[in-house]
Amino acid sequence: MEHLVQLTDVRKEYGDTTALAGVTLDIRQGEAVAVMGPSGSGKSTLLNMVAGLDRPTSGTIVFQGEDLSTLSETALAKFRRRRIGMVFQFFNLLDDLPALENVILVAQLIGTPRKQAQARAMELFEELGIADRRNAYPAVLSGGERQRVGVARALMNRPSLLLADEPTGALDSRSGEQVMDLLQDLNQIGQTLLMVTHDEKLASRCADRVIEFADGRVTEAVR
Ligand code: ADP
């Protein structure tokens, strides 16, 4: 399978703190990879680097053949909006926008005409079973519904890579299961996934490969 992302000896220092101590990792197109490990081991830092939210201190990240370190800030922001979808533990929805508008917004940011964005958002809401909640504000949605809005937002611009940081971490077990099913279905239709999780069930059900992290390094490829 073709490589989607290749990290080579990626290090990240924050002052005296080494968040990543030399990570070499390849993610292939269509793969689902889970990263596990104790808090503070560098998992979120890894996601941020791959998302182009932050830059490594040294080492390279090549995404679909493009070295991210060669991109300007503007180009990096464009890369992120078009090729990365992100799902967060606490959803990160905009509270003063209804659910559907949260999702439409990210398409408008890359210049998708409103009508087209609206149609795509509705299609996703229908697929995710939240169409009837489209005009609701995040505050009145359940955790599971919020996360499905978060997933719809992440998928809106048809990302090459879906990143998820503890996507089930703030959900009750039933909503967590629904989100797991959703991630699994997405991967089965070819979506590449990189997720950080403490949830053994999520890792074992949804990941082709589980990587253990400790002290900013990959310590073990579990499977
Ligand atoms: P994890 O996601 O595994 O909990 P993180 O990637 O959040 O780990 O953090 C790894 C290490 O880097 C920790 O010691 C953390 O305190 C530090 N760190 C992460 N982000 C920053 C930052 N923006 N500034 C300073 N230190 C940071």
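Residues numbered from 1 in each chain as written. Predicted model: local features only at pLDDT ≥ 70, side-chain atom pairs only at ≥ 80, totals over all residues. Heavy atoms only, no water.

Comments concerning empty space enclosed by the protein
Next up, step 1: The tally for this structure, following the rule as stated, stands at one cavity of 30 Å³ or more.
Next up, step 2: For the largest cavity, the calculated volume is near 70 Å³.
Next up, step 3: Looking at the largest cavity, the residues that line it are Met49, Gly52, Asp54, Arg55, Pro56, Ile61, Leu68, Ser69 and Leu76. (1 Å grid on protein atoms, 1.4 Å probe; cavity = no way out; pocket = protein on both sides within 12 Å on 5 of 7 lines; lining within 4 Å. Points joined across faces, edges and corners; volume = space filled by probe spheres on them.)

Notes on the environment of glycine 42
Next up, step 1: Along the chain, glycine 42 falls in the loop between strand S3 (32–36) and helix H1 (43–50).
Next up, step 2: C-alpha separation for the pair glycine 42 and aspartate 215, spaced 173 residues apart in sequence, amounts to 6.9 Å.
Next up, step 3: Contact partners of glycine 42, with chain neighbours within four places excluded, come to Ala19, Leu20 and Phe213. (Helix = DSSP H or I, 4+ residues; strand = E, 2+ residues; numbered from the N terminus. Contact = heavy atoms within 4.5 Å.)

Brief notes about the side chain of arginine 120
Next up, step 1: On the secondary structure map, arginine 120 appears in helix H4 (residues 114–127).
Next up, step 2: At 2.8 Å, the side chain of arginine 120 forms a polar contact with the backbone oxygen of leucine 155.
Next up, step 3: The residues contacting arginine 120, other than those within four sequence positions of it, are Leu155, Met156 and Arg158. (Polar contact = N/O pair within 3.5 Å; in protein donor to acceptor, adjacent residues only side chain to side chain.)

A short note on the pattern of salt bridges
Next up, step 1: Applying the stated criterion across every chain yields a total of twelve salt bridges.
Next up, step 2: Two residues, arginine 55 and glutamate 73, come together in a salt bridge whose shortest N-O distance is 2.9 Å. One end of the pair, arginine 55, is in the loop between H1 and strand S4 (58–63); the other, glutamate 73, is in helix H2 (residues 73–83), with 18 residues separating them in the sequence.
Next up, step 3: Its salt-bridge partner being glutamate 66, residue arginine 83 comes within 2.7 Å of it at the nearest N-O pair. Within this pair, whereas arginine 83 is found in helix H2, its partner glutamate 66 is found in strand S5 (residues 66–67), the two being separated by 17 residues in sequence. (Salt bridge = Lys/Arg side-chain N within 4 Å of Asp/Glu carboxyl O.)

Brief notes about the environment of alanine 32
Next up, step 1: Looking at the element boundaries, alanine 32 is found in strand S3.
Next up, step 2: C-alpha separation for the pair alanine 32 and leucine 183, spaced 151 residues apart in sequence, amounts to 9.2 Å.
Next up, step 3: In contact with alanine 32, not counting residues within four places along its chain, are Asn187, Leu193, Cys206, Ala207, Asp208 and Arg209.

Topic: the packing of helix H3 (residues 99–108) against helix H5 (residues 143–155)
Next up, step 1: Interaxial distance between H3 and H5 falls to 8 Å at its minimum, and their mutual angle equals 20 degrees. As the angle between them shows, H3 and H5 are arranged roughly parallel. Pair H3 / H5 crosses with right-handed handedness. Contacts between H3 and H5 involve Ala99, Asn102, Val103 and Val106 from the former and Val149, Ala152 and Arg153 from the latter.
Next up, step 2: In terms of residue class, the contact of H3 with H5 is built from five nonpolar, one polar and one charged. (Axes fitted to C-alpha atoms, helices over the stretch in contact; angles between N-to-C directions. Parallel < 35°, antiparallel > 145°, perpendicular 65-115°, else oblique. Left-handed = near helix turned anticlockwise from the far one by under 90°. Nonpolar A, V, L, I, M, F, W, Y, C, P; charged D, E, K, R; others polar.)

Remarks on the site of the ligand
Next up, step 1: As a structural note, the neighbourhood of the ligand is formed by Tyr14, Thr17, Ala19, Pro38, Ser39, Gly40, Ser41, Gly42, Lys43, Ser44 and Thr45.
Next up, step 2: Broken down by class, the residue content of the shell around the ligand amounts to three nonpolar, seven polar and one charged. (Near = heavy atom within 4 Å.)

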